[in-house]
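# Structural description and commentary
Chain by chain, the residues run as shown.
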Amino acid sequence: MLRAVIFLLLLIHILSGCISGDSDGENADRDLSTHFENVISYTTVNIYDHDTSLFTEGLIFYKGLLFESTGSPDDIPYTQSRIGISDLQTGKFTEKVRLDKHAYFGEGIAILNDSLYQLTY
């Protein structure tokens, strides 16, 4: 259900940007956010530190841990495609796997039967 809602919101965002005719997109984003505030309510319950050098591609909670996968865009040279565990209390990322930046770009992650899978290209 959550995936369907996220997909629908993303689709509406993309389509509204195409229809608005606003060249910089600034007014379209403002109008869209006002619309969503009326449709979906939310409350921020906590804010956590995060390593801002990570180019996050995937996040998943599993057995009380936050697993994170990162990518390595060519235009951001200090990034690496990695998989690790992020500590919500400290913001520290503990690397478990590093991909060869010249061979792979890390994307999202999923867990199935206690095994973690990462989409790469």
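What you see as residue numbers is a count from 1 along each chain, following the sequence as written. Local features in this predicted model are restricted to residues of pLDDT 70 or higher, and side-chain atom pairs are both shown and tallied only at a pLDDT of 80 or more, whereas totals for entire chains, interfaces and linings draw on every residue. Only hydrogens and water are set aside; all other atoms, that is, all heavy atoms of the structure, feed into the side-chain values.

## Quick look at the pairing of strand β5 (residues 106–112)
When DSSP locates at least two bridges between a pair of strands, those strands are taken to pair. In this text, helices come from DSSP runs of H or I with a minimum length of four residues, and strands from runs of E with a minimum of two, each type numbered from the N-terminal end. Looking at chain direction, β5 and strand β6 (residues 115–120) are connected through five bridges and run antiparallel. Paired with Leu112 across the two strands is Ser115, which belongs to β6. Here β5 hands over to β6 after two residues, with Asn113 in that stretch at a positive phi of 50 degrees.

## Details of the side chain of Glu68
With respect to the helices and strands, Glu68 occurs in strand β2 (residues 65–70). An unpaired buried charge is present at Glu68: no salt bridge exists, and Arg82, the closest side chain of opposite charge, is 8.0 Å distant. Of note is the side chain of Glu68, whose polar atom sits 2.6 Å from the side chain of Ser86. Among residues more than four places away in sequence, those in contact with Glu68 are His50, Leu54, Thr56, Gly58, Leu59, Arg82, Ile83, Gly84, Ser86, Phe93 and Ile109. Summary of the burial criterion: residues with accessible area below 20% of their type's maximum are buried, those above 50% are exposed, and those between are partly exposed, where the area comes from a 1.4 Å probe applied to protein chains only. Charged-residue counts in this description rest on Lys and Arg as positive and Asp and Glu as negative, His and the chain ends being excluded. Only one rule defines a salt bridge in this text: a Lys or Arg side-chain nitrogen within 4 Å of an Asp or Glu carboxyl oxygen. For the purposes of these results, a polar contact is taken to be a pair of N or O atoms within 3.5 Å, where, inside protein, one atom must be able to donate a hydrogen and its partner to accept one; residues adjacent in sequence count only when each atom of the pair is a side-chain atom. Residue contacts are counted whenever heavy atoms from the two residues lie within 4.5 Å of one another.

## Let's talk about the pattern of salt bridges
Counted according to the given criterion, the structure contains three salt bridges. Put simply, Lys63 and Asp114 hold a salt bridge, and the shortest N to O gap is 3.3 Å. With Lys63 in the loop between β1 (56–62) and β2 and Asp114 in the loop between β5 and β6, this residue pair connects regions lying 51 residues apart in the sequence. For Lys63, a relative accessible area of 64% gives the class exposed. For Asp114, a relative accessible area of 54% translates into the label exposed. For the salt bridge of Arg98 with Glu95, the shortest nitrogen-to-oxygen distance reads 3.0 Å. Arg98 gets classed as partly exposed once you look at its relative accessible area, which sits at 48%.

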